[in-house]
Amino acid sequence: GIQVEQSPPDLILQEGANSTLRCNFSDSVNNLQWFHQNPWGQLINLFYIPSGTKQNGRLSATTVATERYSLLYISSSQTTDSGVYFCAVDGFNDYKLSFGAGTTVTVRA
Amino acid sequence: NAGVTQTPKFQVLKTGQSMTLQCAQDMNHEYMSWYRQDPGMGLRLIHYSVGAGITDQGEVPNGYNVSRSTTEDFPLRLLSAAPSQTSVYFCASQDSYTGELFFGEGSRLTVL
C-alpha cells in the first residue's frame, strides 16, 4: 500500500496561534482525506481533498498531488481543536485507505 | 441521523472466546470497512467490502472474519480471541460519489 508520513508527531499551541500539519505520501493517490479524532475518540471527516485547496471555517487544506503532499492549516486555534489529526490516502482502483500515524495537537488556554 | 452504528462500545473477553462486533449504516453506502487503532500506529485496515456479497482482506486480516449479506450490515467476527487483538475497532462506510469516509464511534475490546 501507499506509505503515509505525517509531521510533526506532536504539536503544542497556545490558544489563538496558527499551525500547519503536513502529510507526505509515497505514490499517486485517488483519495486523500483529513480526519480529526477528538479526545473522546470520535473520528470526524474534515476534508476530502485529493487535489487543490478547500476551506472550512478556521481550517483549510491544500494538496499538491504532483509533489505528493498535503497540508492542513489551523488558524486562530481553540482548545476544541485539540486531538489527533490523521491523513489517509488510497490509490487508483484501490479501496485500501492507508492512514498516517497522526499529529497530536494540544491547544492550551 | 444514525450514520454508522457500532455495538458493543466496550467488551472484555478471555483468550479463546469468540465474539462479533456489529456494524450497521443507513446511508446506502456500498463500501464498508473495519479498522483497528493501536497506540502510535494510526488506523490499520482489517477487512473491507465493496458491496453485498463481496469482501476482501486489508492490511491486518489474520484472526478476523467478515461477511456482507446486506448493504446495511458488516459484522466483524473474532473466532478465538487473543491478547494481541486488544484494540479499539472502528467501522466505516464510504460515499462512492464524494469519497468521504464516515466512522462509527468505535468499540474498545480487551482480551485477557
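Residues numbered from 1 in each chain as written. Chains lettered and ligands numbered in written order. Predicted model: local features only at pLDDT ≥ 70, side-chain atom pairs only at ≥ 80, totals over all residues. Heavy atoms only, no water.

## Some remarks on the nonpolar core
One recurring pattern in soluble globular proteins is that nonpolar side chains are buried together. Counting residues in each nonpolar core, the largest one holds 22 residues, and the members touching the most others are Leu21, Trp34, Leu72 and Val89 of chain A. Of all the elements in the fold, those that place two or more residues in this core are strand E2 (10–14), strand E3 (19–25), strand E4 (31–37), strand E5 (43–48), strand E7 (59–64), strand E8 (69–74), strand E9 (83–90) and strand E11 (103–108) of chain A. Setting aside residues no more than four positions away along its own chain, Val89 of chain A makes contact with Ile2, Val4, Phe25, Val29, Asn31, Leu32, Lys96, Leu97 and Ser98 of chain A. One finds Val60, Leu76, Ala81 and Tyr89 of chain B within the second-largest nonpolar core, a separate group that totals 19 residues. (Core = buried A, V, L, I, M, F, W, Y, C linked by side-chain atoms within 4.5 Å. Buried < 20%, exposed > 50% of the residue type's maximum accessible area, 1.4 Å probe, protein only. Helix = DSSP H or I, 4+ residues; strand = E, 2+ residues; numbered from the N terminus. Contact = heavy atoms within 4.5 Å.)

## Things to note about the pattern of salt bridges
All names here are of chain B. Following the criterion strictly, the structure yields five salt bridges over all chains and no others. Between Lys9 and Glu105 there is a salt bridge; the shortest N-O distance is 3.8 Å. Here the residue Lys9 occupies a position in the loop between strand E1 (4–7) and strand E2 (10–13), and Glu105 occupies one in the loop between strand E10 (101–103) and strand E11 (107–111), the gap between them amounting to 96 residues. Glu105 sits in the exposed class, given a relative accessible area of 52%. Its salt-bridge partner being Arg44, residue Asp38 comes within 2.8 Å of it at the nearest N-O pair. With a relative accessible area of 18%, Arg44 lands in the buried category. Here the residues in one salt-bridge network are Arg36, Asp38 and Arg44, joined through shared partners. (Salt bridge = Lys/Arg side-chain N within 4 Å of Asp/Glu carboxyl O.)

## Quick notes on the interface of chain B and chain A
Listed by partner, the interface residues are 17 residues for chain B and 15 residues for chain A. Across the interface of chain B and chain A, roughly 1400 Å² is buried in total on both sides, 60% from carbon and sulfur atoms. Counting every contact that joins chain B to chain A gives zero salt bridges. At the junction of chain B with chain A, the criterion picks out four residue pairs in polar contact (both at pLDDT 80 or more). (Buried area = accessible area lost by both parts, 1.4 Å probe. Polar contact = N/O pair within 3.5 Å; in protein donor to acceptor, adjacent residues only side chain to side chain.)

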